[in-house]
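# Architecture at a glance
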Amino acid sequence: MSEAKTPDTGRRSERSHQAILKAVVELVGEQGYTRLTIEAIAARAGVGKQTIYRWWPTKGALVLDAFAALMGDVAPLPDTGDVVADLKGVIRATVAELGSPRFEVPSRALTAESQMDPALAKQFVDTLLRPNLEVTKERLRAAQKAGQVARDVDLDVAVELFFGPLFHRWLLRTAPLTESYADTVVDYALAALRPRKSPGGRG
């Protein structure tokens, strides 16, 4: 008679964890953030409510984790030597994500919720926004070393020149987010960041 196998609780927990995150993404898309409930998430994921409460203290923290899992890891920006093309690639990708219903619904929900919850706001920035800002800053730093960006530029401010206009237009819905707009933002930002030529014509 063979011995009974010991249940793999770690694997079971991971399956439950992934099922919960998947359920959150699906339900936010179907119902929106306001109508989303822990009960509905638990039912969709096939787990008990206490399992969810054991891992996440608030609904906002749970949605943030689900959204972070959906986004995946942030990869370094390509460095082809053409800073214009490289930055247009990342800003176009950001525009595409902001316009995708799969990303837009949870992102808007988290943005709104974080206005009332400072702890969630910090987690939102640290988990989702800062990694993208940092890889963009690293690409600008390389451009700085290559003489394509002025050496005295504050790179933290420089990064905001690329992403700030996108989020302003996205949050306030002042106009459509398009690839053309993304390209224009990059062109204008880089024009402001390039080394200035001296009166004699030398940089």
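Residues numbered from 1 in each chain as written. Predicted model: local features only at pLDDT ≥ 70, side-chain atom pairs only at ≥ 80, totals over all residues. Heavy atoms only, no water.

### Thoughts on the packing of aromatic side chains
- Taken as a whole and assessed by the stated rule, the structure comprises three aromatic pairs.
- Centre to centre, the rings of Phe167 and Trp170 are 6.1 Å apart; their planes meet at 90 degrees, and the pair counts as edge-to-face. Highlighted residues: Phe167 and Trp170, both in helix α8 (residues 155-172), separated by three residues, approximately one helical turn.
- Its relative accessible area of 25% is what places Phe167 among the partly exposed residues.
- Above the ring of Trp170, the side-chain terminus of Arg108 is found at 4.2 Å from the ring centroid. (Phe/Tyr/Trp six-rings, centres within 6.5 Å; stacked < 30°, edge-to-face > 60°. Helix = DSSP H or I, 4+ residues; strand = E, 2+ residues; numbered from the N terminus. Buried < 20%, exposed > 50% of the residue type's maximum accessible area, 1.4 Å probe, protein only. Lys NZ or Arg CZ within 6 Å of the ring centre and 35° of its normal.)

### Describing the pattern of salt bridges
- Counting across every chain of the model gives 15 salt bridges.
- Here Glu26 makes a salt bridge to Lys22, at a shortest N to O gap of 2.5 Å. One end of the pair, Glu26, and the other, Lys22, are both in helix α1 (residues 9-31), four residues apart, so they sit about a helical turn from each other.
- Glu26 sits in the partly exposed class, given a relative accessible area of 26%.
- By relative accessible area, Lys22 is classed as exposed at 53%.
- With its nearest N and O atoms 2.9 Å apart, the salt bridge here joins Glu26 to Arg44. (Salt bridge = Lys/Arg side-chain N within 4 Å of Asp/Glu carboxyl O.)

### Examining helix α9 (residues 179-193)
- Here α9 contains 15 residues, and its C-alpha end-to-end distance of 21 Å stays within 8% of the 21 Å for a straight helix at 1.5 Å per residue.
- Among the residues of α9, Tyr181, Ala182, Asp183, Val185, Val186, Ala189, Leu190 and Leu193 are the ones counted as buried.
- Against the buried residues of α9 lie α5 (83-99) and α8. (Expected span 1.5 Å × (residues − 1). Contact = heavy atoms within 4.5 Å.)

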